[in-house]
Structures are given as C-alpha cells and as structure tokens.
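Coordinate analysis (summary)
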Amino acid sequence: MKSDRRFANRKKIEGVKFNDLTSITNYAVLARCGRIVDASISGFLIEIERKDLVPDELRENLSLEATLGQQVALYLPQMNLDLDGTITRATHMGKGRFAIAIDFSFDVPEYWRACLIDLLPAPGEIDSLEE
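Structural notes, computed from the coordinates. In this text, all values refer to a predicted model and were calculated from it rather than measured experimentally.

About the cut-offs
- Residues numbered from 1 in each chain as written.
- Predicted model: local features only at pLDDT ≥ 70, side-chain atom pairs only at ≥ 80, totals over all residues.
- Heavy atoms only, no water.
- Helix = DSSP H or I, 4+ residues; strand = E, 2+ residues; numbered from the N terminus.
- Buried < 20%, exposed > 50% of the residue type's maximum accessible area, 1.4 Å probe, protein only.
- Polar contact = N/O pair within 3.5 Å; in protein donor to acceptor, adjacent residues only side chain to side chain.
- Contact = heavy atoms within 4.5 Å.
- Core = buried A, V, L, I, M, F, W, Y, C linked by side-chain atoms within 4.5 Å.
- Pairing = 2+ DSSP bridges.

**Structural notes on the side chain of threonine 67**
Its place among the elements puts threonine 67 in the loop between helix H1 (56–59) and strand S4 (71–76). Its relative accessible area of 4% is what places threonine 67 among the buried residues. In terms of polar contacts, threonine 67 uses its side chain to reach the backbone carbonyl oxygen of leucine 64, at 2.6 Å. Each residue touching threonine 67, except ones within four places of it in the same chain, is listed here: Leu30, Leu58, Ile87 and Ala90.

**Here we look at the nonpolar core**
With 27 residues, the main nonpolar core has Leu21, Ile36, Phe44, Ile46, Leu74, Ile100 and Ile102 as its most contacted residues. At the level of elements, strand S1 (11–23), strand S2 (28–39), strand S3 (43–49), S4, strand S5 (81–94), strand S6 (97–104) and helix H2 (110–119) are the ones that each hand at least two residues to this core. If we ignore the near neighbours within four places in the chain, the residues touching phenylalanine 44 are Arg10, Ile36, Asp38, Ala39, Leu74, Leu83, Ile100, Ala101, Ile102 and Phe104.

**A look at the pairing of S6**
Of all 8 residues making up S6, 6 are buried, and the element is well covered by its neighbours. Counted between consecutive antiparallel strands, the loop separating S5 from S6 contains 2 residues, among which lysine 95 sits at a positive phi close to 50 degrees.

**A short note on the pairing of S1**
Consecutive side chains along a regular strand alternate between the two faces of the sheet. The pairing of S1 with S2 spans 9 bridges and is classified as antiparallel. The residue of S2 that forms the bridge with lysine 17 is arginine 35. Counted along the chain from S1 to the antiparallel partner S2, the turn is 4 residues long, and its residue tyrosine 27 has a positive phi close to 55 degrees. Both S1 and S4 contribute to a ladder of 3 bridges, which runs antiparallel. Counted as the bridge partner of serine 23 is valine 72 from S4.

Note that every value here comes from positions in space, so none of it alone points to a role or purpose.
Okay, here's the thing in structure tokens:
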C-alpha cells in the first residue's frame, strides 16, 4: 500500500517570523510567536521557544505530543498572510526550543503553495537585498 504522504523538495527559510499559532481545534493560542525555518509545497517547519508557549501544560513539559493532529493557523505579519494546516510532528530540540512540522490544509491549492515557497526568503536573501 502506497503512503499518501508526499515528498517534496524542501527550501531552507531565512526565519520568517509568525505570530499567534492558534489551535483551530479548540481556539486556544498555543504560541505567541516563532519562525518558519523550512518549507515545501506539502508543509512547513516552525521553531518555537519554550517561553513563547502559552498553555502552562505545554510550557512545563518537554513534549508537545498533545498538539499532534490539531488543526492550527498562524499569522505572518511580514506578508500579511494567514497559514493553516495540521500538526504532524513536534519534537524538543534541546535548550528550550521546539520544532513543529505542519502540513498545509488539503483545501489550499498546490499552485498557491508553490508560489508561497518561491516568495519565502532563502538564507542570505534578505541580507543581499539590504546591501
């Protein structure tokens, strides 16, 4: 049986900041802020610091397993854009930093996802624009 999981080329991102990672499942803010560090047309990877987690039960644990499968939304202020998807993986990377993988919602068109990935800055792109 073939897996439905799509494997797509990943793009390292310059750390696009986001605000308000919110669970659509229970309308609770999970994290105040963080950054997108990696993306593909199937989803994106975010990093969150422990201090930015809102619920006490998440901030006090080394596991974000309770968030797996939750539908979430987050806001990219630099692009005035909301993204939504489903948390598929959450791991503690050490020193109070968490990595969370989010798959885009199925209703987001693939061409739109591809355009978004093209627009997200690769490492060094922002620095070269400022020179």
